[in-house]
Number of protein chains: 4
Amino acid sequence: MNESAVKKVVLAYSGGLDTSVIVKWLAETYGCEVVTFTADLGQGEEVEPARAKAQALGVKEIYIEDLRETFVRDYVFPMFRANTVYEGEYLLGTSIARPLIARRLVEIANETGADAIAHGATGKGNDQVRFELGAYALKPAVRVIAPWREWDLNSREKLMNYCETHDIPVDYAKNKKKSPYSMDANLLHISYEGGVLEDPWGEAEEEMWRWSVSPEAAPDTPTYIDLTFEGGDIVAIDGRPMRPHEVLSHLNKVGGENGIGRLDIVENRYVGMKSRGCYETPGGTIMLRAHRAIESITLDRESAHLKDELMPRYAELIYNGYWWSPERRMLQAAIDQSQHVVNGEVRLKLYKGNVILVGRQSPDSLFDASIATFEDDAGAYDQKDAEGFIKLNALRLRIAAGKGRTHE
Amino acid sequence: MNESAVKKVVLAYSGGLDTSVIVKWLAETYGCEVVTFTADLGQGEEVEPARAKAQALGVKEIYIEDLRETFVRDYVFPMFRANTVYEGEYLLGTSIARPLIARRLVEIANETGADAIAHGATGKGNDQVRFELGAYALKPAVRVIAPWREWDLNSREKLMNYCETHDIPVDYAKNKKKSPYSMDANLLHISYEGGVLEDPWGEAEEEMWRWSVSPEAAPDTPTYIDLTFEGGDIVAIDGRPMRPHEVLSHLNKVGGENGIGRLDIVENRYVGMKSRGCYETPGGTIMLRAHRAIESITLDRESAHLKDELMPRYAELIYNGYWWSPERRMLQAAIDQSQHVVNGEVRLKLYKGNVILVGRQSPDSLFDASIATFEDDAGAYDQKDAEGFIKLNALRLRIAAGKGRTHE
Amino acid sequence: MNESAVKKVVLAYSGGLDTSVIVKWLAETYGCEVVTFTADLGQGEEVEPARAKAQALGVKEIYIEDLRETFVRDYVFPMFRANTVYEGEYLLGTSIARPLIARRLVEIANETGADAIAHGATGKGNDQVRFELGAYALKPAVRVIAPWREWDLNSREKLMNYCETHDIPVDYAKNKKKSPYSMDANLLHISYEGGVLEDPWGEAEEEMWRWSVSPEAAPDTPTYIDLTFEGGDIVAIDGRPMRPHEVLSHLNKVGGENGIGRLDIVENRYVGMKSRGCYETPGGTIMLRAHRAIESITLDRESAHLKDELMPRYAELIYNGYWWSPERRMLQAAIDQSQHVVNGEVRLKLYKGNVILVGRQSPDSLFDASIATFEDDAGAYDQKDAEGFIKLNALRLRIAAGKGRTHE
Amino acid sequence: MNESAVKKVVLAYSGGLDTSVIVKWLAETYGCEVVTFTADLGQGEEVEPARAKAQALGVKEIYIEDLRETFVRDYVFPMFRANTVYEGEYLLGTSIARPLIARRLVEIANETGADAIAHGATGKGNDQVRFELGAYALKPAVRVIAPWREWDLNSREKLMNYCETHDIPVDYAKNKKKSPYSMDANLLHISYEGGVLEDPWGEAEEEMWRWSVSPEAAPDTPTYIDLTFEGGDIVAIDGRPMRPHEVLSHLNKVGGENGIGRLDIVENRYVGMKSRGCYETPGGTIMLRAHRAIESITLDRESAHLKDELMPRYAELIYNGYWWSPERRMLQAAIDQSQHVVNGEVRLKLYKGNVILVGRQSPDSLFDASIATFEDDAGAYDQKDAEGFIKLNALRLRIAAGKGRTHE
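Residues numbered from 1 in each chain as written. Chains lettered and ligands numbered in written order. Predicted model: local features only at pLDDT ≥ 70, side-chain atom pairs only at ≥ 80, totals over all residues. Heavy atoms only, no water.

Looking at an unreviewed UniProt entry, one finds chain A named Argininosuccinate synthase, with Kushneria aurantia as its source organism. You can read under Subunit (unreviewed entry) in the UniProt record for chain A the words "Homotetramer." (UniProt positions renumbered as here; feature names shortened; annotations may be inferred.)

So, in C-alpha cells, the structure goes:
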C-alpha cells in the first residue's frame, strides 16, 4: 500500500540542518507538499525562528506550538507515578517525548489532509520506532517516510553538498557543528551520544555537559526544597503552586545548579544493539527520589510492591515506543488507581550531586508511630500474634524439611 | 508440640546487655542449658570479649566464630548478582545476615544436641521472622524461644532491675546506652531505628551516622577505583585480588571516607507496619552501581530485563526471611545462570556522596561500536531492516486502530 | 484491644447444626446479643427456614437476604474477566463468595451497632482468613470471634452433647449427617473435602457428586449453546438476555446435565498445608472457555499476554482472601481496562464432560482473514517486512553468538 | 553482508512438493549446491522416501535422521516441566520442533561447509521466525534464504507450472492436494490452518481431524492408565519403563482412541496477526494434566506459584522462537531447579475426550493428611496460630481502613 504517490507530508521539523535538508528532499523525491511541525517541549532553544527557515524553504503550512504543559502533565507526570526507570538507571527523557510528537504529527496530518508523516530519526535508533509505532497506532493508514533509511546522504559531506546544490543556508548548521555529539533535549532531559562516547571505557569530558555543573563545581552550601504532592504529582514547590511544566523547569534549574542528574550508561536499544549515552536529568532525578519518599508513607505495602514489579515492563514499553498501546493503558490504569492517596510533602536537601531526603509528611500517611515504636505501644500491636504469623508461614517449609528438603 | 520441656537452647548472643539478660532468663525460665553463639560478621566490634561475658553468666558451651568470608561470598555476593534493592532503595543489609545466623544456630543445635534456639529480636520486627523461618526450614522440629514475645521485661527499668537481682554486670550496657537508636551492623551496613527517627518528618542528626562522613565533610578531591568482576562478583580492586569480605571491607572504607551510602527511608515491614530506618551502606552502594555497569556491557538485553522484573520479588523474599526457601533457590538459579559472562572492569570516581561511573570494559562485552556508530558502519547493520521491524511490530496496533481503537 | 467485653455479634449463620451451636455458645460465652445473617448465594437450599431456627435459638435480629445477583455481577463476573484459575485448575468457587459475606457482616454490624462478627470456619482452612481479612479491611476496629479456634467442641460427640444440654434440635443436623464430606456451595460451585478424600490416591466415589451427572451418564446427544458477551460479561444465552445470576444458574443446569465441571485436585492452602478437594463448577467451566474464546478474537495480543501474566497473582489474591485490598483493585483496574472491547458471540457444544468450541464472532473482532490468509492477500501484508523484523530481533543473539555464546 | 554469493545451502526438506520446488529454485536462483535435511520427528510419515526424491532432484548430500528421542527428551519434556500453555490453550506443538530443526540445519551447514540455510516457511507465519532466530543464535554469520519471501510462485498454479518446466514429478503433491489445510505434524501434535478455517465462526469439519476420533465416536468404556514421573518427566506407563518418545507415542495412541486433545483456537502470531488453528495433541493433553497432578502433591506452594507466574512468558518465548536465547535458559534453570522432587505416580481415566484424574501418590509427597484432616490431628497444627497469622496479615489493611481507605 506504500507504493502509491504521496501528496502531502507532515514533517517533524527542528529548524536544524538535517530536517531542513529533509524538507527539500521530500519535495524533490516525492513531489509532494511539506507541512512542518515544530514543537517547544522545553528543549531550551527558541522555536519561533523555525518559521522563517521553513518559509525560506518554501513551506506553506507551518505549525509551531508550545507543548510544554501537556508534555509534562500528560506524559512525564504519569510516567513518574510509576517510578519509571529503564535498566535501573535511565529516566526515559527522550522516549517520553516521542508519543506526543507522534500524536501531533497525526493530528496535523488529519487537519491538513496530509497522507504521510516524516521524521529525521536514523535507522539505527529507537526514535524511528517510537515515532512510527505511535503514528500507526493513531492513524493506521498513514504513510511514514524516514529519509535516513531511504536516501544516500549518509555523511556530513554529502549533506553539505546537497545544501549547496539546493540553496539551503548552511549557517543553520552552526550550532550543531559546535557539538561532536548527537543530542536531544526537552524539559525532562538533554542527551548525548556518539563521538568519543562510542568508547565505553572513556570518561565523558566535562565540556560536554550543558545543563548542570559538576558536583565539584556546585555550591558548597546545600539548597533545601519542599515539594507538595497531590495524586502522585508535584503541584507546588516551597509552598508555591506551579503548573506541571513550571515544576519541572524549576527543578531543572535548582538541580542543575547543584550538580544533580548526570548519568553515563550503556543501554540496550530496541533495535538490538547496545549504545552508550550520557544524560542530564536534574529535575527528573529529584522527582523520582521525592515521589518514592511520599509513596513510602502513603502507599500500602502490596500496592508499592506490585508497582515495583510492574515498573520494568512499563519502562520497557515506553522505551520501545508502545505508549499508544492497550497494554500501556492497562498498566497505567493499575498505577493511577494507586495514586489518589499519594499526597503530602517531601523536604529535600540538594548538595553537590546528592538528593538527600530530609523529611516526609502527609495527611494520608500510613506510618503509625504508635505501632512501630520501640517504646510501649499501649496495646496497639500484640507481639504474640507474631508467633502464629511465623508458624503458619513456616508450615510449608517445615513439612518439606521433614521430608529431607533442607538444602535442595 | 511446644509444650514439652526444653533441655538445651542455642542463643544468638551478642555479648550486650539484652542477650546477657536472655541467658539468665532462659536458664531460669526453662531450667535448661544455654549454649551461646557469637559471630563476627564484620559489625566492627570485637567478638572475643563475648567469651568472658558468657562464662561469667555460667555458660559452658560457647561458640565464637569469624563468619565474614562466608557471609560475603555465600550471601551478600549472590544477592548483589541480582542488583537487589528492596522498595527501590534499601540494600537489605540486615536481612541478608539472618539466614547465615539461622543456619549456624541450627547446626550448633545439631552438634550440641540442643532442642531449641533463641534470639533477642523483638515481636514487632522482621528479624524474628527471618531467624525463625530459617530455623524451621533447616530443622523443622526445632523449638524457637523468642523472649521478647514471652517475658514482661518490656522497659529499660525492668531490664536493669533484672540485671541487679541476677548479678548481671550492667557495664555491658554502657556502649548501647550512648546511643538512643536501635542499631544493627555487619559488613554490609549499619542501621539505625527508633528514638527521634520515629518522626519521619524530622531529619536524622549528623551525630547518629557512624560509618561515613557527610558529603559536606568528605574530601574535596575525588577518589578513583577500579573494580574487577568475575562471574558477577568483584574479585579485585585496583588490580589487587581480594577475598569477598576484603572487597567489601575495602569498599566500606573508601566509600565511607567519601560520604557514600547514607540512606533514610520509611520501609514496609513484613509484619504489617511501616517503620523509619537510616542505613549506611558505603561498599554496597558502590557495588550495586558497579555491577549494573559491568552488566550493561556484558549481559544480553532480555536477560537484563528479566532480571529487573524478577528482582523486586527476590528482594521481597530476602527481606521477608525466605532465603532458605525453594522459591528463592529457583530465582537464584535463574540469576546465576546469567552471570558467567559478567566479567570485566569498572572504573568509578567517588566524590562527596557520589558514585560516578567513569568507564567499563570487558573481554565479554557485547557493545559493538561498529554497529552502534553514528558513522558509516561498513554494512554491519542494514537500516532498511528497521522498516520491516517496525511494520510488523505495528501490525496489531494498526489492525486495532482500523477498528477505531485509537484512544481506548 | 480485643480483651474488652463483646456486646453484640453478627454471625454468618447457615441454619445448620454447627452455626446453631455457635449461636448458643456465643451468647453463653460472651454474654452478648447475637444477630444472625443468612445469605442466599445460590447454594441450592432454602434460606428462609433459617429464620425459624434462629428464632427458636432466641435470636432477635435476623437478616436473611438474597444476594445472588450482586454475587455474580460484582464478584464472579469481575473475576472471570481475568480468566482466573488458581494453581492451573481451581475456579475459586468458595473463595469468591467470602468477600461478599464479609462485607455484609460488617455492614450489618454497622447497622445494628454490633461490635463483633463471628463465623463458623475452622482454624485450619482458608475461609477464616478470607472472612477476617475482609472484615478488618472494611471495619478495622471490629472484633472477630472464630469459635472453632476457641472452644473445645472439637468432635461430633462433643457437639451433640452440647446440643442436648442446650436444647438445640438435632434434626438440624440430619442433612449434614448424610454426607461424610465437608461441603460448601454457592452459584459458582459446590465443594467436597474430608472423609475418604483425605487419601489423594483414592478416587472420589460417584455418589459424592451432586450437581452433575458423570460424563458416562450424560446424554449421547450434544447440547449447543450461544453465549453473548458485552464488556467481557455474558449478557444473553441463545439470544435471550439474562441477568448475571440467571446466566450462571442456566449454565450450571446445562453444564451439569452434560457432565461438565468436575474437578479433583490437591491444592495449597494459604495457611500452609496441602488439601484435597473435589469441586463441581459446571457453569464456571463453560464461562471460562467461552471468555477465552471471545477474547481470542477481540483482545489485542499484548493485552492478552499481560492478563495471562497477571492472572496467577490475581487468583492468589482472591484465594488468600485479599479481595478487599488495594493491590486487588489495582489489578482489577488493569483487567477491566481491557474488557470494553470484549463483545460478541461464542457458540459451544456441550457433550459428556466436554466444552467444545464451535465458533466465535464479534463486531470488535481483530481477526482479519484478508491478512492471515494463505491465499493472495492483495497487498495487505508485505512478506518482505518479515526479514527486517527477524533480522533486528536476532541482532542481539547474533552479536552474542559472535562472542561465542551459542550454548551458554 | 548478505549480498555475497551463496555456495552451498542446507534446506529443511520434507520431500513434499513445495520443498522439492525449492531445491530446484535454490540451485537455479543462487547457482549453489543444495544439501537436504529431512527429520523424523514422529510426523507419522516415512522419511526414507525423501532420499530418492532428493536424488531425483540432483541433490548429492542428503541427511535423513530419526530425531524422535532427542526431540521429546530435550525439547518437549523440558517444556512440559513448566506446564507450558500459550494463550491459555495451545500446547506449542509446532513451536517446540523448530529449535531442534534449526540446530540440525546449522550443524549440518558446519559439517558440509555450507554458508546458508533455507526453509519452506511462508512470510506470514511464525515458523520463519523460529527457524531464523535459532539459526542466527547458533551461527551468527549464516545466510538464511526464505524462498516464500523472495520468489513470485505465490499460487498453486505458478508452482505447478514451475514443476512442469523443471521436471519435478507432480505426484509428490498428491497427498497434499487431498487436504485443503496447511498442516504440520510431529510427535507432539498435528495442526491445521487455512481453507474454511479462515472463518472463525465456522465449525471445523469432522473429516479434518486425523489423529483422534471424536468424543462421540470414542469407546463407551474408559481406559485407565498409570504414569510414573521422575524429575518431572514421565518414565513409565502402567509400570512399563519407556524412553521419552515412546511415552509420547503411546499417549498419543490411547489419547487419540479416546477422543482426547482436539483444540480449535484463534491465536496471536508473533508477526502481528491473529490466525485460526486446529490442533490434535492427545499425548500432550494427558501429560499436562498428569504433570500438574504430580506437582500438586510434591511441589512447594511458592515454587508452584512462581512457576505459574513465569509460565506465560516462557510459553511466549517458545512460541516466538526464542528457545536458543539466554532468557529462555534462565527460565529453564529456574524451572528445572524445582523438578527433582517431582516424582511419583498419577492414575488417569480417559473417556470420550475427558482426562479424569483418579489418584496421585509419591514418596516425595508433601500432602500430610495428619495436618489437613478435619479430624483430630493430635497436635500437628495449632489452630490458635491462625489468629496471629491473620492479624498480622491484616495489619496493613486495618491501618489503611483506619485512615478511611475502605472502598478506595
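(A) Quick look at the relation of the copies chain B and chain A. In the superposition of chain B on chain A (RMSD 0.0 Å, axial shift 0.0 Å), the rotation amounts to 180°. Expressed as an axis order, the relation between the two copies is that of a two-fold axis. Scanning chain B for the C-alpha nearest the rotation axis identifies B:Glu309, at a separation of 3.0 Å. Taken as a fraction of all interface residues of chain B, those also at the interface in chain A reach 100%, which identifies the copy contact as same-surface. (Least-squares fit on C-alpha atoms with pLDDT ≥ 70 in both. Contact = heavy atoms within 4.5 Å.)

(B) The UniProt feature "domain: Arginosuccinate synthase-like N-terminal" (unreviewed entry) in chain A, seen in detail. Listed under "domain: Arginosuccinate synthase-like N-terminal" (unreviewed entry) in the UniProt record, and renumbered for this structure, are residues 8-169 of chain A. Secondary structure across residues 8-169 of chain A divides into 48% helix and 15% strand, with the first and last C-alpha atoms of the span separated by 24 Å. (Helix = DSSP H or I, 4+ residues; strand = E, 2+ residues; numbered from the N terminus.)

(C) Spotlight on the sheet that holds strand 11 (residues 262-268) of chain D. Residue and element names in this part refer to chain D. The strand order across the open sheet formed by four strands is 6-7-12-11, and the pairing between neighbours is antiparallel. Two strands in the sheet have a free side with no partner beyond their single neighbour: strand 6 (182-186) and strand 11. On average, each strand axis in the sheet is inclined to that of its neighbour by 25°, with strand direction left out of account. In terms of strand pairing, strand 7 (residues 189-193) meets strand 12 (residues 274-280) through four bridges, oriented antiparallel. Across the sheet, residue Tyr192 finds its bridge partner in strand 12, namely Cys278. (Pairing = 2+ DSSP bridges. Axes fitted to C-alpha atoms, helices over the stretch in contact; angles between N-to-C directions.)

(D) Up close: the relation of the copies chain D and chain B. For the pair chain D and chain B, the superposition axis carries a translation of 0.0 Å, the fit reaches an RMSD of 0.0 Å, and the rotation angle comes to 180°. Interface overlap between copies: 100% of the residues of chain D at the interface are likewise at the interface in chain B, consistent with a symmetric, same-surface contact.

(E) Structural context of the interface of chain D and chain B. Tallying the contact residues gives 27 residues for chain D and 27 residues for chain B. When the two sides are added together, the surface that chain D and chain B hide from each other amounts to roughly 2,300 Å², 65% of it contributed by carbon and sulfur. Of all residues in chain D, D:Leu306, D:Arg313 and D:Met330 give up the largest surface area on contact with chain B, accounting jointly for 27% of the area buried on that side. Linking B:Glu309 and D:Arg313 is a salt bridge whose minimum nitrogen-to-oxygen distance equals 2.5 Å. Across the contact surface, chain D and chain B share two residue pairs in polar contact (both at pLDDT 80 or more). Mapped onto the side of chain D that touches chain B, the elements with two or more residues apiece are helix 11 (301-320), helix 12 (326-337) and helix 14 (385-402) of chain D. Its residues assigned to classes, the side of chain D that touches chain B shows 14 nonpolar, five polar and eight charged. (Buried area = accessible area lost by both parts, 1.4 Å probe. Salt bridge = Lys/Arg side-chain N within 4 Å of Asp/Glu carboxyl O. Polar contact = N/O pair within 3.5 Å; in protein donor to acceptor, adjacent residues only side chain to side chain. Nonpolar A, V, L, I, M, F, W, Y, C, P; charged D, E, K, R; others polar.)

(F) Quick look at the packing of helix 9 (residues 244-257) of chain C against helix 10 (residues 282-298) of chain C. Residue and element names in this part refer to chain C. At a closest axis distance of 7 Å, the pairing of helix 9 and helix 10 adopts a crossing angle of 100°. Classified by the angle between their axes, helix 9 and helix 10 sit roughly perpendicular to one another. Side by side, helix 9 and helix 10 meet where Leu248, Leu251, Asn252, Gly255 and Gly256 of the first sit next to Pro282, Gly283, Gly284, Ile286 and Met287 of the second. Taken together, the residues of the contact of helix 9 with helix 10 break down into five nonpolar, five polar and no charged. (Parallel < 35°, antiparallel > 145°, perpendicular 65-115°, else oblique.)

(G) The arrangement of the environment of D:Glu309 in detail. For D:Glu309, the location among the structural elements is in helix 11. Filtering out sequence-adjacent residues up to four positions away, D:Glu309 remains in contact with B:Arg313, C:Pro312 and C:Arg313. Polar contacts involving the side chain of D:Glu309 include one to the side chain of B:Arg313, which spans 2.5 Å.

(H) Spatial organisation of the pairing of strand 9 (residues 233-237) of chain C. Residue and element names in this part refer to chain C. Across the five residues that make up strand 9, a large majority, four, are buried. As paired elements, strand 8 (residues 223-230) and strand 9 share four bridges and run antiparallel to each other. In the strand pairing of strand 9, Thr228 is matched with Ala236. Taking the residues that link successive antiparallel strands as the turn, the strand 8-strand 9 hairpin has two residues, and the phi of Gly231 there is positive, at about 60°. Hairpin connection from strand 9 to strand 10 (residues 240-241): two residues lie between these consecutive antiparallel strands, with Asp238 at a positive phi of about 50°. (Buried < 20%, exposed > 50% of the residue type's maximum accessible area, 1.4 Å probe, protein only.)

(I) Here's a closer look at the sheet that holds strand 4 (residues 116-118) of chain C. All names here are of chain C. Taken in spatial order, the five strands of this open sheet run 3-2-1-4-5, and their pairing is parallel. Whereas interior strands pair on both sides, the edge strands pair on one side only; in this sheet they are strand 3 (61-66) and strand 5 (143-145). On average, adjacent strands in this sheet sit at an angle of 20° to one another, irrespective of strand direction. Alignment of strand 1 (residues 8-12) against strand 4, held across three bridges, turns out to be parallel.

(J) Fine view of the interface of chain B and chain A. On the side of chain A, 109 residues touch chain B, which itself brings 109 residues to the contact. Of the roughly 10,000 Å² buried between chain B and chain A on both sides combined, carbon and sulfur atoms contribute 53%. Between chain B and chain A we count eight salt bridges in total. For B:Arg360, the salt bridge identified is with A:Asp264, shortest N-O distance 2.7 Å.

(K) View of the pattern of salt bridges. Per the counting criterion, the structure on display carries 140 salt bridges over all chains. A salt bridge links D:Arg156 to D:Asp18; the nearest nitrogen and oxygen atoms lie 3.4 Å apart. Placement of D:Arg156 in helix 7 (residues 156-165) and of D:Asp18 in helix 1 (residues 17-30) is noted, with a sequence separation of 138 residues between them. Note that D:Asp184 and D:Arg98 form a salt bridge whose closest N and O atoms lie 3.2 Å from each other. Of this pair, D:Asp184 sits in strand 6 while D:Arg98 sits in helix 4 (residues 98-112), placing them 86 residues apart in sequence. Classification of D:Arg98 by relative accessible area gives buried; the value is 9%. Salt bridges sharing common partners tie together A:Glu65, A:Arg103, A:Arg104, A:Glu107 and A:Glu111.

(L) Here's a closer look at the domain arrangement of chain A. All names here are of chain A. What the domain assignment lists for chain A is domain 1 (3-178) and domain 2 (185-299 + 342-361). Spacing between the C-alpha centres of domain 1 and domain 2 amounts to 26 Å. If you look at the interface, domain 1 gives 30 residues, while domain 2 gives 34 residues. Counting each side, the surface lost to burial between domain 1 and domain 2 is near 2,700 Å², with a carbon and sulfur contribution of 64%. When the buried area of domain 1 at its contact with domain 2 is split by residue, Phe77, Phe80 and Asn83 rank highest and sum to 22% of it. Counting across the interface, domain 1 meets domain 2 through two salt bridges. On the surface where domain 1 and domain 2 come into contact, there are twelve residue pairs in polar contact (both at pLDDT 80 or more). Mapped onto the side of domain 1 that touches domain 2, the elements with two or more residues apiece are helix 3 (68-81) and helix 5 (127-138). (Domains from an automatic or database assignment.)

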